[in-house]
Amino acid sequence: MLNQMLKTTMRNRHPYLFIAPALLILILFSLIPITIAFVISFTDLNLKGLADWSSINFIGLENYTTLLKDTVFHKAVFNTLFYVVIGVPLVIISSLGIALLINYGKNLIFTVFRAVYFMPAITNIIAVAVVWGFLYNTEYGLFNYVLSLVDVDKVPWLEQPVLAKLSLIVLAVWKGIGINMIIFLAALQGIPNSYYEAARIDGAKRWQVLVYITIPLLRYSIFFVTVTTLIGWLQFFEEPFIMTQGGPLDGTVSMALFIYQRGFQFSEFGYAAAGSFVLFIVIIIVTLLQFKLKKSDVDY
Amino acid sequence: MPSEKSKHTFERWVVTILLIIGGLIVSLPFIWMISSSFKPESEILQMPPTLFAENPTLDNYISLFTNMNFGIYLKNTLIIVALSFVGLFFNAMAGYGFAKYNFKGKDKIFYLVLATMMIPGQVTMIPVYLLLNEMGLINTMLGIVLPGLAAAFSIFLFRMFMATIPTDLIEAARLDGAGEFYIFFRLIMPISKPIFAVQGILTFIAAWNSFLWPLIIANDESLYTLSVGLSLLKGQYANNFALQMAGAAFMVIPIIIVFSLFQKYIVEGFTTSGLK
C-alpha cells in the first residue's frame, strides 16, 4: 500500500519538483516566521536568550501590556495614524488628478509626462531621502532659499515634530504618486468612448461627466488603490528611518520604525515581535473593514 | 462651430501648462541632485545657490570610490541582482507547475502561496533574522538574498501567463518524447518571453534598490550594498552635500537609464501587477 503510494508520487513527481524551490523558500521565510513571531511575542527573548535558549522565559501577555503603557509606542501609533490620515487621501487625489490630466491627450508629450511623473516611484528610497534631506536642510537647502526670496524666515523642516511629519508626508506622496497614477490611467483607458459620446449628446458639462461617469466607473481601481496605499502607509518606515531616525523627540517614529528599533537596535526581540503583531492586526482590521464597506456599496 | 473649437484648444493649453508645472516640481529633486553632484564642496554651500555648477567637477564621483568603498558596494549590489534572477527562475518554475499540472492539494497549496502576500515585512523581519542566525547565515551573501528569492506575487503572474499556453503544444512535445524539464526550458521559457521581460525588469529594480535585508544581515562593510553604503555616507559626511548628491545620482542614474529603455514594459508590468 505504502509502496504503491510512493510509486504514484514518483511517477507524478514533476509538478512537485517545479514548485518545490519557491514553495520551500516561502514556507521557510514567510509561513514559519509568522508562527515564530507569534510564539516569541510571549517571551522575553533578547540578545542573551539568543545565545542561550534556556534563559528565555515565557512571560504571557507582559509584552503586550507593556506596549499599552509605553509612551514611545503611543507616539508611534499616533504618528502612524497621522501619516495615514493625511498621506493616503493626498496620494489618491493627486495621482487621480494627474492621471485625468495625462489621459486628456494621446500624443508624445503626454507619454513623456507619464514617464516624468512615474520616475520617483522606481528611484531608490535611500537616494530619495538623501536628496530630500538636502532640499529640506535649514541652512543650505533649496526650499528655504526659495522662501527667503519672498522674505520668509528659515523653516526648520525636519526639526519640529509636526512639521517634520508633514515634510516626510510630502516626500512620500511625491514618491507614491507614480504607481497609482499608472493604475488609474489603465482604468481610464478602459472606459468605452461611447459613454462620453452619449454624455456629450445629452449636453453634459465637463464636471458632470467627471462626477457622474468617470469617477463611478473608476470605483474598482479607486478601491484597489485605497486598500494597497493604506496597507503601505501603515508600514511607513524608510522615510523616518533615513531622514530623522524617528526624531525630533520621537515625533516621526512610525509603528514599523518602532519595531525595527526595538528589535535591531535594542535587541528586544520578544517585545518587538509583540509590536509587530499589533501592527499586523491593525492592518488586517483596516483591510477587512474596507472590504465590508465595499460590499454594502451598489453595483453597476 | 468655431467657438467650440477654440474652447477645446484653450482647454488643451491649460492641461498642458498644468502638467508642465507639475512635471517641473516633480522632477526638481532629480535636477537638483544631478546639478549639485558636479559642484565643488565650496560652491554647494554658497548662498544664493547656483543652478548649474560654475566649476563643474567629477571629484565627488571619484571620491565615492577613493574615500568610500563604492566599488565594493557596487559589486555586492550586482551579485544580489544576479542571484535574484535565480529567484525569478524559481518563481517561473512554480508558476508553470501551478498552471499546467494537476496534482493533489494544488488549490490548497496555491492559496497558501497567496496568503504569504498578506504578511507584512515587519512581522517576519525578526523571526527570519533569528532563523538565519540559527542557520549561521548572518553576515553572508546567501543570508541577504535567500529570504527574498521567492515572491508569491511573481508566481501568481507567471501562473496567469503560462495558463494561456495551449496544453496541446505541451502534449505534442511529450508524444515526441521530450522530458518535462526539456519542455520547460526549450518550449515554455521561449514562449513566455514577454512575462520574463516584465518580471526581469522589476526584479532588477527591486534588487538594485534592496536595503533592509542587507542592512540587517550584513555586519561588516564588505557585504554592504549601494543603498546601505549611501545611508552610511549620509551619516559619515553629514555636511558634504556634494558627495551625498553624487552618491545618490550614482544609484539613481542607472535606474533612469533602464527605465527610459524599457518604459513600456515597466509601465505594463506595474499595470498588470497593480490591477490583479
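What counts, and where the lines are drawn
- Residues numbered from 1 in each chain as written.
- Chains lettered and ligands numbered in written order.
- Predicted model: local features only at pLDDT ≥ 70, side-chain atom pairs only at ≥ 80, totals over all residues.
- Heavy atoms only, no water.
- Helix = DSSP H or I, 4+ residues; strand = E, 2+ residues; numbered from the N terminus.
- Rg over C-alpha atoms; globule rule 2.2 N^0.38 Å.
- Buried < 20%, exposed > 50% of the residue type's maximum accessible area, 1.4 Å probe, protein only.
- Contact = heavy atoms within 4.5 Å.
- Areas by Shrake-Rupley, 256 points an atom, 1.4 Å probe, with all protein chains shown as cover.
- 1 Å grid on protein atoms, 1.4 Å probe; cavity = no way out; pocket = protein on both sides within 12 Å on 5 of 7 lines; lining within 4 Å.
- Points joined across faces, edges and corners; volume = space filled by probe spheres on them.
- Nonpolar A, V, L, I, M, F, W, Y, C, P; charged D, E, K, R; others polar.
- Domains from an automatic or database assignment.
- Buried area = accessible area lost by both parts, 1.4 Å probe.
- Salt bridge = Lys/Arg side-chain N within 4 Å of Asp/Glu carboxyl O.
- Axes fitted to C-alpha atoms, helices over the stretch in contact; angles between N-to-C directions.
- Left-handed = near helix turned anticlockwise from the far one by under 90°.
- pLDDT = per-residue confidence, 0-100.
- Patch = residues over 30% accessible without salt bridge, like charges linked within 9 Å, V, L, I, M, F, W, Y side chains within 5 Å.

A.B. asks: Which parts of the structure should I look at to understand the overall build of chain B?
C.D. replies: Regarding its fold elements, chain B presents 15 helices and 0 strands. At 24 Å, chain B has a C-alpha radius of gyration far larger than the 19 Å of a compact globule built from 276 residues. The principal-axis extents of the C-alpha atoms in chain B amount to approximately 75 × 75 × 35 Å. For chain B, with 276 residues in total, the buried portion stands at 53%. Sequence separation of at least 24 residues holds for 71% of the intrachain contacts in chain B that already meet a minimum separation of 6. Summed over all atoms, the accessible surface of chain B reaches about 12,900 Å², with 67% contributed by carbon and sulfur.

A.B. asks: Got a minute to help me understand empty space enclosed by the protein in this structure?
C.D. replies: Over the atoms a probe the size of a water molecule is rolled, and this reveals where empty space is left. In this structure the tally under the stated criterion is 1 cavity of 30 Å³ or more. Approximately 60 Å³ is the volume found for the largest cavity. Residue lining of the largest cavity: A:T123, A:A127, A:V128, A:V131, A:W132, A:W174, B:P29, B:F30, B:M33 and B:V252, and that is the complete set. Secondary structure elements with two or more residues in the lining of the largest cavity: α7 (125-136) of chain A together with α1 (2-37) of chain B. Among the elements that take part in the lining of the largest cavity, α7(A) stands out by supplying 4 residues, more than any other. By residue class, the composition of the lining of the largest cavity is 9 nonpolar, 1 polar and no charged.

A.B. asks: Just checking my understanding: could you explain the domain arrangement of chain B for this structure?
C.D. replies: Interface size, as often reported, equals the accessible area lost upon joining of the parts. Taken domain by domain, chain B holds domain 1 (2-59) and domain 2 (68-236). Each of domain 1 of chain B and domain 2 of chain B has a C-alpha centre, and the two are 38 Å apart.

A.B. asks: Whenever I open this one, the layout of surface pockets confuses me. Can you help?
C.D. replies: There is about 1,300 Å³ of room inside the second largest pocket. Contributing to the lining of the second largest pocket are 29 residues, with A:Y104, A:Y196, A:R200, A:R206 and B:E11 lying nearest its centre. Sorting the residues of the lining of the second largest pocket by element identifies α5 (71-102), α9 (161-189), α10 (193-201) and α11 (206-217) of chain A together with α1 of chain B as the ones contributing at least two each. No other element matches the 8 residues that α1(B) contributes to the lining of the second largest pocket. Of the residues belonging to the lining of the second largest pocket, the class tally is 15 nonpolar, 6 polar and 8 charged.

A.B. asks: What's the story with unusual backbone geometry in this structure? I'm lost.
C.D. replies: Most of the time, phi is negative for any residue but glycine, and the peptide bond is trans. Look at A:L249: it is not a glycine, yet its phi comes out positive at around 55 degrees. Secondary-structure assignment places A:L249 in the loop between α13 (238-243) and α14 (255-265). Non-glycine residue B:N139 carries a positive phi angle of around 65 degrees. With respect to the secondary-structure elements, B:N139 resides in the loop between α6 (121-134) and α7 (141-145). Here B:N139 falls in the partly exposed class, since its relative accessible area comes to 24%.

A.B. asks: Teacher, can you tell me more about the interface of chain B and chain A here?
C.D. replies: Listed by partner, the interface residues are 92 residues for chain B and 80 residues for chain A. Of the roughly 8,100 Å² buried between chain B and chain A, counting both surfaces, carbon and sulfur atoms make up 82%. For the chain B face of the interface with chain A, the top three residues by lost area are B:L19, B:Q122 and B:I126, together amounting to 9%. Joining chain B to chain A, the criterion identifies 1 salt bridge. Residue A:R206 pairs with B:E11 through a salt bridge whose shortest N-O separation is 3.0 Å. At 18 residues, the largest contribution of residues to the side of chain B that touches chain A is made by α1(B). Along the lines of polarity and charge, the residues of the side of chain B that touches chain A split into 65 nonpolar, 20 polar and 7 charged.

A.B. asks: Explain the packing of helix α4 (residues 70-100) of chain B against helix α11 (residues 193-208) of chain B to me, please; I cannot follow it from the model alone.
C.D. replies: The geometry of a pair of packed helices is captured by two quantities: the angle between their axes and the separation between those axes. Residues and elements named next belong to chain B. Put simply, α4 and α11 touch, their axes get as near as 9 Å, and they point 145 degrees apart. Between α4 and α11 lies a crossing whose hand is right-handed. Between α4 and α11, the contacting residues are L74, T77, L78, I80, V81, S84, F85, L88 and A92 on the first element and F196, Q199, G200, T203, F204, A207 and W208 on the second. Within the contact of α4 with α11, the residues separate by chemical class into 11 nonpolar, 5 polar and no charged.

A.B. asks: It is not clear to me how the confidence of the model for chain A should be interpreted in this structure. Could you clarify?
C.D. replies: Do not read the fine detail of predicted coordinates wherever pLDDT is low. When pLDDT is averaged along chain A, the result is 86, and 96% of the positions lie at 70 or above. Confidence scores differ between elements of chain A, with helix α1 (residues 2-11) of chain A showing the lowest mean pLDDT of 71 and α5(A) the highest of 93.

A.B. asks: Looking at this structure, I do not really get a nonpolar patch on the surface. What am I missing?
C.D. replies: All names here are of chain B. A surface patch of nonpolar side chains, about 520 Å² in accessible area, is lined by I34, I253, I257, L261, F262 and Y265. Among the elements that line the nonpolar patch, the one with the most residues is helix α14 (residues 241-261), at 3 residues. You can see I253 is positioned in helix α14.

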